[in-house]
Amino acid sequence: ASRAAPLLPRMPPPRPATTAQLYRDEIVKGLFGASASPCLSDHSCTLRGGGGGGYLSGLARGRLYVTAHAVCFYSNLFGMERKLRADWG
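From a predicted model like this one, the values you see are computed outputs, not experimental measurements. (Residues numbered from 1 in each chain as written. Predicted model: local features only at pLDDT ≥ 70, side-chain atom pairs only at ≥ 80, totals over all residues. Heavy atoms only, no water.)

A.B. asks: Help me understand the state of the cysteines in this model?
C.D. replies: Summed over the entire model, instances satisfying the criterion amount to 0 disulfides. Free cysteine Cys-72: the closest other cysteine sulfur is in Cys-39, separated by 8.0 Å. The exposure class assigned to Cys-72 is buried, which follows from its relative accessible area of 1%. (Disulfide = S-S within 2.5 Å. Buried < 20%, exposed > 50% of the residue type's maximum accessible area, 1.4 Å probe, protein only.)

If you want it as structure tokens, here you go:
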């Protein structure tokens, strides 16, 4: 006896990107390179660094970008720029 394939619900067609999504993708490409986009979401956040007065000491308010390939953080306060990128394994 042959079994019929189960019926799967039809997926809606992909929606066209909004202007805000395209703008966000361009920001991520400019800051972290084309390999980091497309950007799935972005969030306002604060990065807390370690002590010792180094590059990551203190707090940095910025944006966290979650992309298909990485998690990226960017902050630029009073000319002190911080960029971090952690690629997905």
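On we go.
A.B. asks: Sorry, what's going on with the nonpolar core here?
C.D. replies: The nonpolar side chains of a soluble globular protein tend to be buried, and buried together. Core analysis: the largest hydrophobic core is formed by 9 residues, namely Val-28, Leu-31, Phe-32, Ala-36, Cys-39, Tyr-65, Ala-70, Cys-72 and Tyr-74. Residue assignment for this core shows that the elements contributing at least two residues are helix 1 (19-32) and strand 3 (70-77). Residues in contact with Tyr-65, not counting those within four places in the same chain, are Arg-24, Ile-27, Val-28, Phe-32, Cys-39, Ser-41, Asp-42, Ala-70, Val-71, Cys-72 and Tyr-74. (Core = buried A, V, L, I, M, F, W, Y, C linked by side-chain atoms within 4.5 Å. Helix = DSSP H or I, 4+ residues; strand = E, 2+ residues; numbered from the N terminus. Contact = heavy atoms within 4.5 Å.)

A.B. asks: Looking at this structure, I do not really get the pairing of strand 4 (residues 80-87). What am I missing?
C.D. replies: For a regular strand, the rule is simple: side chains alternate between the two faces of the sheet. By the bridge criterion, 8 bridges tie strand 3 to strand 4 in an arrangement that is antiparallel. From the neighbouring strand, Ser-75 faces strand 4, where its bridge partner is Arg-82. Between strand 3 and the antiparallel strand that follows it, strand 4, lie 2 residues; Phe-78 among them carries a positive phi value of about 55°. (Pairing = 2+ DSSP bridges.)

A.B. asks: Would you explain the sheet that holds strand 3 in this entry?
C.D. replies: Note on sheets: strands pair through backbone hydrogen bonds, and any given pair is parallel or antiparallel. Pairing in this open sheet of 4 strands is antiparallel, and the strands run 1-2-3-4 from one edge to the other. Taken across any chain shown, the strands that pair with only one partner, and hence form the sheet edges, are strand 1 (39-48) and strand 4. Taking each pair of neighbouring strands and ignoring which way they run, the sheet shows an average axis angle of 20°. (Axes fitted to C-alpha atoms, helices over the stretch in contact; angles between N-to-C directions.)

A.B. asks: When you look at unusual backbone geometry in this model, what are you seeing that I'm missing?
C.D. replies: Of all residues except glycine, most have a negative phi; of all peptide bonds, most are trans. Residue Phe-78 is not a glycine yet carries a positive backbone phi of 55°. Within the secondary structure layout, Phe-78 lies in the loop between strand 3 and strand 4. Classification of Phe-78 as exposed rests on a relative accessible area of 88%.

A.B. asks: Honestly, the environment of Ser-37 in this entry has me stumped. Any pointers?
C.D. replies: Along the chain, the position of Ser-37 falls in the loop between helix 1 and strand 1. Overall, the relative accessible area of 10% leaves Ser-37 in the buried class. Separated by 32 residues in sequence, Ser-37 and His-69 have C-alpha atoms that sit 7.2 Å apart. Setting aside anything within four residues of it in sequence, one finds Ser-37 in contact with Asp-25, Val-28, Lys-29 and His-69.

A.B. asks: Whenever I open this one, the side chain of Asp-25 confuses me. Can you help?
C.D. replies: Along the chain, the position of Asp-25 falls in helix 1. Despite its burial, Asp-25 remains without a salt bridge, the nearest opposite charge being carried by Arg-24 at 5.0 Å. The residues contacting Asp-25, other than those within four sequence positions of it, are Ser-37, Pro-38 and Cys-39. (Lys, Arg positive; Asp, Glu negative; His and termini not counted. Salt bridge = Lys/Arg side-chain N within 4 Å of Asp/Glu carboxyl O.)

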